[in-house]
Amino acid sequence: HSQFVQSGGGLVQPGGSLRLSCEAYGFTLARNAIGWFRRAPGKEREGLSCLSSSDTDAAYADSVNGRFTISRDNAKNTMYLQMNSLKPEDTGVYYCAAGTYCRGSVSSGPSVSWGQGTQVTVSS
């Protein structure tokens, strides 16, 4: 089965930065529409960003637009989420995903592969 190894979460102060990564195994990430999701405490899972397999378009949720950047390194079969200007409301569990297409900021398709999730806590 396909799988991710996810890393980069942790504790950061407001205004700080973190970079999340997911290395894919068992499939070629370059062929997928990649995405990042988070589940904040007491809230529904939110699609934060999606990047098409062609790398021509990246979409972001309004809550992170201008602060987060999605990218991939095909040579490393790894995807990234650079998070800047972090706010306490960014706290939550973050998941990488690989789907077939982007539906706005949501990676979607008949079979979406998921990372295990990593905790990001923004607190002073």
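Residues numbered from 1 in each chain as written. Predicted model: local features only at pLDDT ≥ 70, side-chain atom pairs only at ≥ 80, totals over all residues. Heavy atoms only, no water.

### Some points on the pairing of strand β8 (residues 78-83)
The side chains of a regular strand alternate between the sheet's two faces. The condition is simple: Three exposure classes are used, based on accessible area relative to the maximum for each residue type with a 1.4 Å probe and protein chains only: buried under 20%, partly exposed in between, and exposed over 50%. Only runs of H or I of at least four residues qualify as helices and only runs of E of at least two qualify as strands under DSSP, and these elements are numbered from the N terminus. Pairing between strands is defined by DSSP: at least two bridges between them are needed.
In terms of burial, β8 is largely enclosed, as 5 of its 6 residues are buried. Between strand β7 (residues 68-73) and β8, which pair antiparallel in sequence order, lie 4 residues; one of them, N77, sits at a positive phi of approximately 50°.

### A word on the packing of aromatic side chains
Quick note on the threshold: Each aromatic pair joins two rings of Phe, Tyr and Trp (for Trp, the six-membered one) with centres within 6.5 Å, and gets the label stacked for planes under 30 degrees apart, edge-to-face for over 60, and tilted for any other angle.
As enumerated under the stated definition, the model contains 2 aromatic pairs in all. With centroids separated by 5.6 Å and ring planes inclined at 90°, the aromatic side chains of F4 and F27 adopt a geometry described as edge-to-face. One end of the pair, F4, is in strand β1 (residues 3-7); the other, F27, is in the loop between β3 (18-25) and β4 (33-39), with 23 residues separating them in the sequence. Between F37 and W114 the ring centres are 4.8 Å apart and the planes differ by 55°, which places this aromatic pair in the tilted class. Of this pair, F37 sits in strand β4 while W114 sits in strand β12 (residues 113-114), placing them 77 residues apart in sequence. Residue classification places F37 among the buried residues on the basis of a relative accessible area of 3%.

### Considerations on the nonpolar core
Let me state the cut-off plainly: Throughout this description, the term nonpolar core refers to a set of buried Ala, Val, Leu, Ile, Met, Phe, Trp, Tyr and Cys residues connected via side-chain atoms within 4.5 Å. Residue contacts follow a heavy-atom distance rule, with two residues in contact if any of their heavy atoms lie within 4.5 Å.
In terms of nonpolar packing, the biggest core is built from 25 residues, with F4, L29, W36, F68, M79, M83 and Y94 touching the most fellow members. Looking at this core, the elements with two or more residues in it are β3, β4, β5 (46-51), β7, β8, β9 (92-99) and β13 (118-122). The dominant element in this core, judged by the number of residues it contributes, is β3, at 4 residues. Ignoring sequence-local partners within four residues, the contact set of M83 consists of G16, S17, L18, L20, R67, F68, Y94 and V120.

### What to know about the pairing of β7
The alternating pattern of β7 places F68, I70 and R72 on a buried face and T69, S71 and D73 on a face that is not buried. The sheet contact formed by β7 and β8 spans 6 bridges and is antiparallel. The residue bridging T69 from the neighbouring strand is Q82, located in β8.

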